[in-house]
Amino acid sequence: MKKIVLALLIAGASSFTFAQSIGGFASVGKYSPSFTDNKGVDQTVSGSSIFMIGASFVKNINSNIAVPVSISYAEFGAEHQLSDNQVLTSSANTVSIGAGLKYTLLEDYNTFRPFIQAGVNYEALVNSSYYYDVLQAGDLDWNSNLYADMKVGGTINTGLNITIDVFINYNLGLLNRVDATEFGTYKDQNINLGVGIYFN
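Note that this is a predicted model, so its numbers are computed, not measured.

## A closer look at the pattern of salt bridges
Inference 1: Enumeration according to the criterion identifies four salt bridges in this entry.
Inference 2: Of the charged contacts, one joins Lys151 and Asp149 as a salt bridge, the two residues approaching to 3.6 Å between their closest N and O atoms.
Inference 3: A salt bridge links Asp188 to Arg177, with the nearest nitrogen and oxygen atoms 2.7 Å apart. One end of the pair, Asp188, is in strand E11 (residues 184-199); the other, Arg177, is in the loop between strand E10 (162-173) and E11, with eleven residues separating them in the sequence.
Inference 4: For Asp188, a relative accessible area of 3% gives the class buried.

## Some points on a nonpolar patch on the surface
Inference 1: On the surface, a nonpolar cluster with roughly 720 Å² of combined accessible area is contributed by Tyr103, Leu105, Leu106, Ile116, Val152, Ile168, Ile191 and Leu193.
Inference 2: Structurally, Leu106 is set in the loop between strand E6 (86-104) and strand E7 (112-133).
Inference 3: According to the relative accessible area criterion, Leu106 is partly exposed, its value standing at 45%.

Reading guide: rules and limits
Residues numbered from 1 in each chain as written. Predicted model: local features only at pLDDT ≥ 70, side-chain atom pairs only at ≥ 80, totals over all residues. Heavy atoms only, no water. Salt bridge = Lys/Arg side-chain N within 4 Å of Asp/Glu carboxyl O. Helix = DSSP H or I, 4+ residues; strand = E, 2+ residues; numbered from the N terminus. Buried < 20%, exposed > 50% of the residue type's maximum accessible area, 1.4 Å probe, protein only. Patch = residues over 30% accessible without salt bridge, like charges linked within 9 Å, V, L, I, M, F, W, Y side chains within 5 Å. Areas by Shrake-Rupley, 256 points an atom, 1.4 Å probe, with all protein chains shown as cover.

Next up, the structure:
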């Protein structure tokens, strides 16, 4: 009886280990903001590139459905045209925690498996700052954000207990970056190309 229980525990532990993976990812893309001031006037704001790097734990529910949980760091910025010859430059560094649901097409014996993924990311600002001349620079009064996170891509099975994800990632900001009464409405989004490496 003890041998049977021990065998079941080993089998359960093995299947649990097989059903999860951990790894890291990186992506680059375009940060795109829009700003309407508290008088209802649309302002000219353009985004910079965005760089993101992170780590992810993926729990496989079955061969097609998984739950990824991630933590990531991002850098991005924007330029606000104040007048014909004056531009306010802003930059931000953030840390995000995200979770979602990943659905992978085809069976796991295929070398390449397309997938779609949807989830949410909560972003906390590490710092945000602005600059538009020597005497006028400081901390930017931005709020943290909550993003709807969508991915499409493909998983490459290397056959060495390592998988590689190649993906396009779209993040839609759901919250207002600034105080609505004092400043207006500042919303943002970004789209990225990325790659992830996961160890099973």
